[in-house]
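For reference, the chains in residue letters:
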Amino acid sequence: MGNMTNSQLVAKASQLFPGGVNSPVRAMGSVGLEPMFVDRAQGPYIYDTSGKQLIDFIASWGAMILGHAHPKVVEQVSKQAAKGFSYGISCPLEVELGQKVQTFFPHLECMRFVNSGTEATMSTIRLARAATGRDHILKFVGCYHGHADALLVQAGSGLLTHSSPSSSGVDPDVAKKTLLADYNDIDSVKAHFNQSGEKIAAIIVEPIAGNMNMVLPEKNFLETLREICDRWGSLLIFDEVMTGFRVHSGGAQAIYGVKPDLTALGKVIGGGLPAACYGGDRKWMEHVSPLGKMYQAGTLSGNPIAMAAGCATLNEVKHIDYQLLENNIEQFLDSWKSMANENDLPFSYCVKGGMFGFAHLETYPTNFNEVKNTSSELFKAFYQSALEQGLYFAPSLYEAGFVSIQHSEAIFAQALDKIKIAYAKMNQMQSA
Ligand SMILES: *Cc1c(COP(=O)(O)O)cnc(C)c1O
């Protein structure tokens, strides 16, 4: 495999995997490219199979906040690997990671480790239904919570009409029990509660949305969701799979000071290995088997290698200055904006901790509909040009950007030089 070119790998992979990939966004279809194969990654960089170095602005969708192959994480993972990969039984590292998680997310009185963000959010929904005895949930258009059936739902023609599946193979009857509201639009939430509040088990929300580009909650949005849940006896679920340890060591809930009933964590918590977690107030978690009647299990849950990577990562998270990270990204985006404007392109952005969004739009979006105003042709042209210069952004305008603590000022300066050339080449293409 080592000496196959990217095109050869793509050809083989296309026979082996649907679209040549094991997760759809990697297909890079929306930016008109072939899937890219990565050979290795180090610090802020990834390297493709030809050895080309790219500055990584995805960081494995946020997981690699310490940068790739951080020596302390490598050391702990290697040490654990030598002691066995999986026991299928409890290990001390689970307790260690659980305690660490609790220091950052004190509201997780009790938690359960699982293997993916999808598993974590799916379990919070089951738990909310078990705890309330209700069967409806409410989610927001443009928020992504993994690929469980109940969460793969899109809006019908009007928001208060029946929801329909956003994926084939999802039972329409399941989809109907998932109500949809608009992000940052409290009236759209209230309308559902006024109609069927006593049936709603939970509101699930990304407290900072990171799967429709990046969208921040407007003032009082999260607080009001909290109030509505309290009034109606529904649970508030924060899906912090992306934002946990990413926007702040204590996630968006620490920034906005709103306490959910349940939280889902993933990505950074496993430091790049498959680990995720859900938890919250003990009174809810007591419904989970074997204490309670809500069943949820996993052969590899609490896997010692993933726990070791998580522990080593959270040890470092303690030392991250999220404000500094945010300031550095903001400076970078501000310079980027000037370059875009010099090229007569609109540009706006958003940043929190180690996460950002950018759009070639005059005004930065506040919900999914506004994100859709972005020109996909312009994005595609910029994307291809930037990739050629060695910048690796998410290959979709519906994804956020992520940096690591290895993205130093020098790296940002390098990136700006490359963006400058990328815009210049775009102009040449246009006038050619
Ligand atoms: C990535 C993500 C998930 C799904 O996590 P997986 O590990 O990919 O299953 C769920 N919710 C949010 C907010 C995410 O960003």
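Scroll up a little and you will see the structure.
Residues numbered from 1 in each chain as written. Predicted model: local features only at pLDDT ≥ 70, side-chain atom pairs only at ≥ 80, totals over all residues. Heavy atoms only, no water.

A closer look at the site of the ligand
Reasoning step 1: Residues in close proximity to the ligand include Ser116, Gly117, Thr118, Tyr144, His145, Gly146, Glu206, Asn211, Asp239, Val241, Met242 and Lys267, which together make up its full environment.
Reasoning step 2: Within the side chain of threonine 118, one N or O atom sits 2.6 Å away from an oxygen atom of the ligand.
Reasoning step 3: Between the ligand and aspartate 239 there is a distance of 2.6 Å, counted from a nitrogen atom to a side-chain nitrogen or oxygen.
Reasoning step 4: Within the complex, the protein chains bury 82% of what would otherwise be the 380 Å² of accessible surface of the ligand.
Reasoning step 5: Taken together, the residues that form the shell around the ligand break down as three nonpolar, six polar and three charged. (Near = heavy atom within 4 Å. Polar contact = N/O pair within 3.5 Å; in protein donor to acceptor, adjacent residues only side chain to side chain. Areas by Shrake-Rupley, 256 points an atom, 1.4 Å probe, with all protein chains shown as cover. Nonpolar A, V, L, I, M, F, W, Y, C, P; charged D, E, K, R; others polar.)

So, the sheet that holds strand E13 (residues 348–352)
Reasoning step 1: With antiparallel pairing, the three strands of this open sheet are ordered in space as E13-E14-E16. Every other strand in the sheet has two partners, leaving E13 and strand E16 (401–402) as the edge strands with one partner each.
Reasoning step 2: Bridge count between strand E14 (residues 355–359) and E16: two bridges; the pairing is antiparallel. If you follow phenylalanine 356 over to E16, its bridge partner there is glycine 401. (Pairing = 2+ DSSP bridges. Helix = DSSP H or I, 4+ residues; strand = E, 2+ residues; numbered from the N terminus.)

A word on helix H13 (residues 376–389)
Reasoning step 1: Between the first and last C-alpha of H13 there are 20 Å, a value that for 14 residues agrees with the 20 Å anticipated at 1.5 Å per step.
Reasoning step 2: The complete set of buried residues in H13 reads Phe379, Phe382, Tyr383, Ser385, Ala386, Leu387 and Gln389.
Reasoning step 3: In this fold, the buried residues of H13 make contact with strand E3 (53–56), helix H11 (322–342), E14, strand E15 (391–392) and helix H14 (409–431).
Reasoning step 4: For H13, the N-terminal cap is serine 375; the gap from its side-chain oxygen to the backbone nitrogen of glutamate 377 is 3.4 Å.
Reasoning step 5: Remark: glycine 390 follows H13 within two positions and exhibits a positive phi of approximately 100°. (Expected span 1.5 Å × (residues − 1). Buried < 20%, exposed > 50% of the residue type's maximum accessible area, 1.4 Å probe, protein only. Contact = heavy atoms within 4.5 Å.)

Details of the nonpolar core
Reasoning step 1: Core analysis: the largest hydrophobic core is formed by 87 residues, its most contacted members being Phe57, Phe245, Leu333, Trp336, Phe356, Phe393 and Tyr423.
Reasoning step 2: For this core, the leading source of residues is helix H10 (residues 304–317), giving nine residues.
Reasoning step 3: Among the domains, domain 1 (6–65 + 320–431) and domain 2 (71–317) are the pair contributing at least three residues each to this core.
Reasoning step 4: Once residues within four sequence positions are removed from consideration, phenylalanine 356 is found in contact with Phe57, Met214, Ile329, Leu333, Trp336, Cys350, Val351, Phe393, Ala400, Gly401, Phe402 and Val403.
Reasoning step 5: Formed by 24 residues, the second largest nonpolar core is a distinct cluster that contains Leu179, Val215, Ile228 and Val258. (Core = buried A, V, L, I, M, F, W, Y, C linked by side-chain atoms within 4.5 Å. Domains from an automatic or database assignment.)

Considerations on the sheet that holds strand E2 (residues 45–48)
Reasoning step 1: The four strands are arranged E1-E2-E3-E15 in an open sheet whose pairing can be described as mixed. In this open sheet, the two edge strands, each paired with only one partner strand, are strand E1 (38–42) and E15.
Reasoning step 2: With four bridges joining them, E1 and E2 adopt antiparallel strand pairing. Counted as the bridge partner of glutamine 42 is tyrosine 45 from E2.
Reasoning step 3: Running at roughly 110° to E3, H14 makes contact with E2, E3 and E15 of the sheet. (Axes fitted to C-alpha atoms, helices over the stretch in contact; angles between N-to-C directions.)

Topic: the pattern of salt bridges
Reasoning step 1: In the structure shown here, the tally under the stated rule is seven salt bridges.
Reasoning step 2: In this structure, glutamate 316 engages lysine 72 in a salt bridge whose closest nitrogen and oxygen atoms are separated by 3.8 Å. Residue glutamate 316 is located in helix H10, and its partner lysine 72 is located in helix H2 (residues 71–81); the two are separated by 244 residues in the primary sequence.
Reasoning step 3: A relative accessible area of 45% places lysine 72 in the partly exposed class.
Reasoning step 4: The network of salt bridges with common partners includes Arg226, Asp230 and Asp261. (Salt bridge = Lys/Arg side-chain N within 4 Å of Asp/Glu carboxyl O.)

Here's the deal with the packing of helix H6 (residues 186–196) against helix H7 (residues 221–232)
Reasoning step 1: Two elements in contact, H6 and H7, have axes separated by 11 Å at closest approach and are oriented at 10°. As the angle between them shows, H6 and H7 are arranged roughly parallel. Contacts between H6 and H7 involve Ile186, Val189, Lys190, Phe193 and Asn194 on the former and, on the latter, Phe221, Thr224, Leu225, Ile228 and Trp232.
Reasoning step 2: For the contact of H6 with H7, a count of residues per class yields seven nonpolar, two polar and one charged. (Parallel < 35°, antiparallel > 145°, perpendicular 65-115°, else oblique.)

Describing the pairing of strand E5 (residues 136–140)
Reasoning step 1: Within E5, five of the five residues are buried, which leaves the element mostly enclosed by the surrounding structure.
Reasoning step 2: Here E5 shows no split at all, with His136, Leu138 and Phe140 on one side and Ile137 and Lys139 on the other all buried.
Reasoning step 3: The sheet contact formed by E5 and strand E9 (residues 200–205) spans three bridges and is parallel. Counterpart to leucine 138 in the pairing with E9 is isoleucine 203.
Reasoning step 4: Pairing of E5 with strand E8 (residues 178–181) involves four bridges; the strand directions are parallel. From the neighbouring strand, isoleucine 137 faces E8, where its bridge partner is threonine 178.

Let's talk about the environment of phenylalanine 85
Reasoning step 1: Within the secondary structure layout, phenylalanine 85 lies in the loop between H2 and helix H3 (92–104).
Reasoning step 2: Look at phenylalanine 85 and you get exposed, because its relative accessible area is 56%.
Reasoning step 3: Leaving out residues up to four positions away in the same chain, phenylalanine 85 has contacts with Asn303, Pro304 and Ile305.

Some details on unusual backbone geometry
Reasoning step 1: Between serine 289 and the following residue, proline 290, the backbone shows a cis peptide bond with an omega angle of 10°.
Reasoning step 2: Within the secondary structure layout, proline 290 lies in the loop between helix H9 (282–285) and H10.
Reasoning step 3: The phi dihedral of alanine 59 falls on the positive side, at around 50°, and the residue is not glycine.
Reasoning step 4: Its place among the elements puts alanine 59 in the loop between E3 and H2.
Reasoning step 5: Taking relative accessible area as the criterion, alanine 59 reaches 3% and is therefore assigned buried.
Reasoning step 6: The phi dihedral of alanine 69 falls on the positive side, at around 50°, and the residue is not glycine.
Reasoning step 7: The class for alanine 69 is partly exposed, based on a relative accessible area of 35%.

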